[in-house]
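# Remarks on the overall topology
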Amino acid sequence: MPFTPPDNVHVLEPTPELRALMSVIRDKATVRGDFIFHTLNHLPFVEKTIVTPTGAEFKGLAPLGKICGVSIMRAGEAMEQGLRDCCRSVRIGKILIQRDEETALPKLFYAKLPTDIAERYCLLLDPMLATGGSAKKAIEVLLSHGVQASRILFVNLICCPEGIESLLSAYPQIKIVTAEIDAGLDENKYIIPGLGDFGCRYFGTL
Ligand code: URA
């Protein structure tokens with residue numbers, strides 16, 4: 001049966017430009033600021049009237065609240081420049097999560113986050129949502145720093161039904177923004193068709 005994502009999963013419109021971009025990154029790692037730009041459309045805006053140099057009023061919009069990025073190292077770091085291209089001087093925190101060799105569970109090794117993160121909308125960056133293990137751990141860290149779940153946007157390039165279900169059953173208030181939803185996971189927990197190991201391909205450590 002085809003997978004129907006819940007309402008809080010936003011899949012970008014498959015424009016020819018996006019399909020072409022995804023074809024490139026599935027083939028060899030590249031990311032673009034456009035993706036983050038689309039993500040920003042999911043942040044709430046409030047009406048704001050400003051006065052132009054002619055003295056006339058203009059009814060515009062202003063972002064509701066401050067944002068920050070948090071990348072899940074190391075693949076998420078590849079999305080930082082895209083965020084900076086759209087939001088100059090945006091604050092970006094980092095979280096390092098790795099598998100604990102003893103328990104096989106995701107373990108937090110490092111977190112450096114903006115001090116006022118509790119007041120911000122948080123764009124959590126990781127290009128691949130596979131099992132959701134690291135993402136859930138990262139969200140746990142954000143919540144423990146006072147971020148509201150409804151202010152977390154998990155931004156990825158490729159995800160799969162298993163990851164979406166696992167993440168949203170744990171944290172139903174978050175929002176997921178993705179470019180494409182793939183078929184599922186293979187026996188090694190890689191996304192299929194996916195693009196292989198994003199971090200290794202992007203950073204050239206294959
Ligand atoms: N992380 C990756 O880089 N690729 C996958 O397919 C799954 C997780």
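For the structure itself, look to the data block above.
A quick note: this is a predicted structure, and the numbers were derived from the prediction, not measured.

A few words now on helix α5 (residues 161-170). Buried within α5 are the following residues: Gly163, Ile164 and Leu167. Across the axial projection of α5, the buried residues extend over an arc of 95 degrees, all falling on one side. Close packing links the buried residues of α5 with β1 (9-11), β8 (128-129), α4 (133-144), β9 (152-155), β10 (158-159) and β11 (175-178).

Here we take up the pairing of strand β3 (residues 57-63). Summarising burial for β3: 0 of the 7 residues are buried, a small minority. Here strand β2 (residues 45-51) runs beside β3; their pairing, made up of 7 bridges, is antiparallel. In the strand pairing of β3, Lys48 is matched with Gly60. Where β2 folds back on β3, the antiparallel hairpin that results is connected by 5 residues, among which Gly55 adopts a positive phi of roughly 90 degrees.

The next thing to look at is the pairing of strand β6 (residues 106-112). Across 6 bridges, strand β5 (residues 92-99) lies against β6 in antiparallel orientation. In the strand pairing of β6, Ile97 is matched with Leu108. Between β5 and β6, which pair antiparallel in sequence order, lie 6 residues; one of them, Ala104, sits at a positive phi of approximately 65 degrees.

The next point concerns the nonpolar core. Core analysis: the largest hydrophobic core is formed by 46 residues, its most contacted members being Cys122, Leu124, Ile152 and Phe154. It is strand β7 (residues 120-125) that contributes the most residues to this core, 5 residues altogether. Phe154 has contacts with Leu124, Ala135, Leu167, Ile174 and Ile176, leaving out every residue within four places of it along the chain.

Neighbouring strands of a sheet are bound in pairs by backbone hydrogen bonds; such pairs are parallel or else antiparallel. The mixed open sheet is built from 7 strands, whose spatial order is β1-β11-β9-β7-β4-β5-β6. Each of the sheet's edge strands pairs with one partner strand only, and the pair in question is β1 and β6. Going across the sheet, the axis of each strand differs from the next one's by a mean of 25 degrees, ignoring polarity. Two elements, β9 and β11, share 3 bridges in a ladder whose sense is parallel. Considered in β11, the bridge of Val155 is made with Val177. Strand contacts of α4: β4 (66-73), β5, β6, β7 and β9, with the helix running at about 45 degrees to β6, the strand carrying the most contacts.

Backbone torsion omega between Met73 and Arg74 reads 0 degrees, so that peptide bond is classified as cis. With respect to the element layout, Arg74 can be found in the loop between β4 and α3 (80-86). Residue Ile192 is joined to Pro193 through a cis peptide bond whose omega torsion reads 0 degrees. With respect to the helices, strands and loops of the structure, Pro193 is situated in the loop between β14 (191-192) and α6 (198-203). The backbone of Ser89 shows a phi angle near 65 degrees, a positive value even though the residue is not glycine. For Lys189, which is not a glycine, the phi torsion comes out positive at approximately 70 degrees. Assignment of secondary structure puts Lys189 in the loop between β13 (184-185) and β14.

Procedures and definitions
Residues numbered from 1 in each chain as written. Predicted model: local features only at pLDDT ≥ 70, side-chain atom pairs only at ≥ 80, totals over all residues. Buried ≥ 20, exposed ≤ 12 C-beta atoms within 10 Å, placed from the backbone. Helix = DSSP H or I, 4+ residues; strand = E, 2+ residues; numbered from the N terminus. Arc of directions from axis to C-beta. Contact = placed C-beta atoms within 7 Å. Pairing = 2+ DSSP bridges. Core = buried A, V, L, I, M, F, W, Y, C linked by C-beta atoms within 7 Å. Axes fitted to C-alpha atoms, helices over the stretch in contact; angles between N-to-C directions.

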